[in-house]
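Remarks on the overall topology
Each chain, written out:
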Number of protein chains: 2
Amino acid sequence: MYQDYKSKILAFYEKHRRMPVYKEIMDLVGFKSRNAVYKLIDKLVEEGIVSKDKQGKLIPNSLFGQVPMLGVVEAGIPTMAEETFTDTMSLDEFILGDKDKTYILEVKGDSMIEAHITEGDLVVVKRQDYAKEGEIVIAEVDGGWTMKYFKKDKSGRFYLLPANKKYAPIYPESDMRIAAVVKAVVRKF
Amino acid sequence: MYQDYKSKILAFYEKHRRMPVYKEIMDLVGFKSRNAVYKLIDKLVEEGIVSKDKQGKLIPNSLFGQVPMLGVVEAGIPTMAEETFTDTMSLDEFILGDKDKTYILEVKGDSMIEAHITEGDLVVVKRQDYAKEGEIVIAEVDGGWTMKYFKKDKSGRFYLLPANKKYAPIYPESDMRIAAVVKAVVRKF
DNA sequence: AGTATAAGTGAACACTTGTTCACCTGTCAA
DNA sequence: TTGACAGGTGAACAAGTGTTCACTTATACT
C-alpha cells in the first residue's frame, strides 16, 4: 500500500517529467485532503527519496527515476525480496557526463569490430578537436571520415588504428582533424 | 541572445530536473517583469520546444533534455552551424523501455565475447522468466548463473549457447530457470 | 473493556502562480 | 517628424500552492 504510493508518484514523474503537486498526489493515491499528502511526503523526505525546495515544491532525489544496479552477472540476480542492490544510477547521467557538445552517431562498418563496436551500435561522442592516446576518435583524414583508435608510434607520430586486422593503420597523408572522441557505446536488442 | 534564453532554461531543467516557473526564468535571463517571460514563453510554445499544461505550467518537449542524434559515422559529423540532425533521443527512454523490473548488471567473464559483450560492460536486463529464441538471457542452470544465448535445437530442446568458441553449449541437466533477458549493452570509456 | 498511536479529514492561512491590462520605451521605414 | 511595432515594465487578478490547526476515524496492544 505504502510502496504503492511511491510507484504512483514515480510513474507520474516518468510520464510528466516533473514532480506532482500535492493535489495531484491526492488524486493519484486517493486521499481526500492535501494534509494527508503532506504527512505522506514528510515520511518520503525522511526516507530521503524526495526533498523539498525552499518553497515546499518537491524535488526528486537520487533513487528516483534511476535503475537499480545489482551485482555482477556471475553472482546471479538477487531476488526482488532482498533487493539489496549495490547501487543505483541514472543512465542519462552515467553515459553523458556533460550534455553539452554530446552527440550520438550510428556505427556503420566493421573497422572497430575487435573493440567490440559493431555495425548498428550507437556511439555517444563528445565533440572536441583533441584526444588522448588510445582513445577512440571520430576523425577526418584525407577527405574521409572514420572511427578509429588514436595512437602514437615510437617516433611520436600520430596515426589511426582500426580494430580490425582486415584494415591497415592510417598514417594521415595531408592532414588529420579530430572531430570527436567516443565516450560510450550503446547497443539495444 | 534569444538562443541564450533557451540554453539557460535548459540548464535549469538539467540541474533541477524540473522546468522553472516564470519568476525563476525572470531572474535567469535578467528580465524585470514576469510578463516579459510570458511573451518569451509564447514564442517558445509556438516553436514547439515547450508546452503548457492546463494550468499554464511549463512542460518540456521533445527537444529538451535530449541528445541530438546525428547521422552515421561514415557520413561524418555535421558542423554545429548546420546541425540538421536527423533525430533526437533521450537515452533513458531509449534504453529502458519500461523502467519497471529493469536492472543493470556488470558483466564478468568472456563467454559472450563474440556477441561483443565484454568484461566490464553493463547490461540492462529486464526480469522475466521467459524468453524468445535467440535472445540473450540471464539464467540459472544446474545451480550456477550465466549469461548466454537462449537457443532451440532441431529436436525442439532448449539450450544455452555461449558466444565464445572456448565454451560448449549448455544443455540443462536438471532444470533451467530464466531470470532475465538482456535488453541493451552499455559500455563507457 | 480502555487507551495510545497512527492515519485521514476539512477548513483556514499567507503566499506564489500564470495571466491580463495599460503603459513605456527603443528601432526602423516612409 | 511621424507612425508602427516588437520588446520590456509594473501593477492587479483569480486561482492554486504548501502549510497549519483542530478534529475525527481507524488500528493495535495491554
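Residues numbered from 1 in each chain as written. Chains lettered and ligands numbered in written order. Predicted model: local features only at pLDDT ≥ 70, side-chain atom pairs only at ≥ 80, totals over all residues. Heavy atoms only, no water.

What follows deals with the protein's contact with DNA strand D. Taken together, 20 residues lie around DNA strand D, and Tyr-22, Asn-35 and Tyr-38 of chain A together with Asn-35 and Lys-39 of chain B are the ones closest in. When the atoms of DNA strand D within 4 Å of the protein are sorted by group, sugar and phosphate make up 55%. In the model, a phosphate oxygen of DNA strand D is placed 2.8 Å from a nitrogen or oxygen of the Tyr-22 of chain A side chain. Arg-34 of chain A places a side-chain nitrogen or oxygen 2.9 Å from a base nitrogen of DNA strand D. (Near = heavy atom within 4 Å. Polar contact = N/O pair within 3.5 Å; in protein donor to acceptor, adjacent residues only side chain to side chain.)

Another aspect to go through is the packing of aromatic side chains. Per the stated rule, a full pass over the model turns up six aromatic pairs over all chains. Where Phe-150 of chain A meets Phe-158 of chain A, the ring centres are 4.7 Å apart and the plane angle is 10 degrees; that geometry is what we call stacked. The exposure class of Phe-158 of chain A is partly exposed, given its relative accessible area of 35%. With 4.9 Å between their ring centres and 10 degrees between their planes, Tyr-159 of chain B and Tyr-171 of chain B make a pair best called stacked. A residue pair is termed long-range when its members are at least 10 positions apart, and Tyr-159 of chain B in strand β9 (residues 158-161) and Tyr-171 of chain B in the loop between β9 and β10 (176-188) qualify at 12 residues. Sitting over the face of the ring of Tyr-149 of chain A, Lys-151 of chain A holds its NZ or CZ atom 5.8 Å from the ring centroid. (Phe/Tyr/Trp six-rings, centres within 6.5 Å; stacked < 30°, edge-to-face > 60°. Buried < 20%, exposed > 50% of the residue type's maximum accessible area, 1.4 Å probe, protein only. Helix = DSSP H or I, 4+ residues; strand = E, 2+ residues; numbered from the N terminus. Lys NZ or Arg CZ within 6 Å of the ring centre and 35° of its normal.)

Our next topic: the protein's contact with DNA strand C. Looking at DNA strand C, there are 20 residues lining it, with Asn-35 and Lys-39 of chain A together with Asn-35, Tyr-38 and Lys-52 of chain B nearest. Here DNA strand C approaches the protein such that, of its atoms within 4 Å, sugar and phosphate make up 56%. Within the backbone of Ser-33 of chain A, a nitrogen or oxygen atom sits 3.4 Å from a phosphate oxygen of DNA strand C. Lys-52 of chain B is positioned with one of its side-chain polar atoms (N or O) 2.7 Å from a phosphate oxygen of DNA strand C. Only α3 (34-47) of chain A together with α2 (22-29) and α3 (34-47) of chain B provide two or more residues apiece to the surface near DNA strand C. Considering each element in turn, the surface near DNA strand C owes the most residues, five residues, to α3 of chain A.

All names here are of chain B. With 14 residues, α3 extends 20 Å between its outermost C-alpha atoms, agreeing within 8% with the 20 Å of an ideal straight helix rising 1.5 Å per residue. Taken together, the buried positions of α3 are Val-37, Leu-40, Ile-41 and Leu-44. Looking down the long axis of α3, one finds its buried residues gathered within 100 degrees of arc, a one-sided arrangement. Opposite its buried face, α3 presents the exposed residues Lys-39 and Glu-46, each directed more than 90 degrees away. (Expected span 1.5 Å × (residues − 1). Arc of directions from axis to C-beta.)

Residue and element names in this part refer to chain A. When we look at burial in helix α2 (residues 22-29), the residues that qualify are Tyr-22, Ile-25, Met-26 and Val-29. Projected down its long axis, α2 shows its buried positions confined to an angular sector of 110 degrees, all on one face. For α2, the exposed residues lying more than 90 degrees away from the buried face are Lys-23 and Asp-27. Looking one or two residues past α2, Gly-30 carries a phi angle of roughly 95 degrees, positive in sign.

Residue and element names in this part refer to chain A. Notably, His-116 is not glycine yet its phi reads approximately 60 degrees, a positive angle. Relative to the assigned elements, His-116 resides in the loop between β5 (102-106) and β6 (122-127). Exposure remark for His-116: the relative accessible area of 15% places this residue in the buried category.

Residue and element names in this part refer to chain A. Within the element layout of this structure, Met-176 appears in strand β10 (residues 176-188). For the pair Met-176 and Leu-160, spaced 16 residues apart in sequence, the C-alpha to C-alpha distance is 9.3 Å. Apart from the residues within four sequence positions on either side, Met-176 is in contact with Glu-140, Val-141, Phe-150, Phe-158 and Leu-160. (Contact = heavy atoms within 4.5 Å.)

Residue and element names in this part refer to chain B. Packing of α2 against α3 brings their axes to within 9 Å, and their N-to-C directions diverge by 95 degrees. The angle between α2 and α3 falls in the class roughly perpendicular. Here Tyr-22, Lys-23, Ile-25 and Met-26 of α2 lie close against α3, whose contacting residues are Arg-34, Val-37, Tyr-38 and Ile-41. (Axes fitted to C-alpha atoms, helices over the stretch in contact; angles between N-to-C directions. Parallel < 35°, antiparallel > 145°, perpendicular 65-115°, else oblique.)

All names here are of chain A. Within the secondary structure, Ser-111 sits in the loop between β5 and β6. Taking relative accessible area as the criterion, Ser-111 reaches 15% and is therefore assigned buried. Within polar-contact distance, the side chain of Ser-111 engages the side chain of Lys-148 at 3.4 Å. Each residue touching Ser-111, except ones within four places of it in the same chain, is listed here: Met-147, Lys-148, Pro-162, Ala-163, Asn-164 and Tyr-167.

Attention now moves to the pattern of salt bridges. The final tally for this structure, using the stated rule, is 12 salt bridges over all chains. For Asp-121 of chain A, the salt bridge identified is with Arg-187 of chain A, shortest N-O distance 2.8 Å. Of this pair, Asp-121 of chain A sits in the loop between β5 and β6 while Arg-187 of chain A sits in strand β10, and the two are 66 residues apart along the sequence. A single burial state applies to Asp-121 of chain A and to Arg-187 of chain A, both of which are buried. Salt bridges linked by common partners bring Arg-18 and Glu-24 of chain A together with Asp-53 of chain B together as one network. (Salt bridge = Lys/Arg side-chain N within 4 Å of Asp/Glu carboxyl O.)

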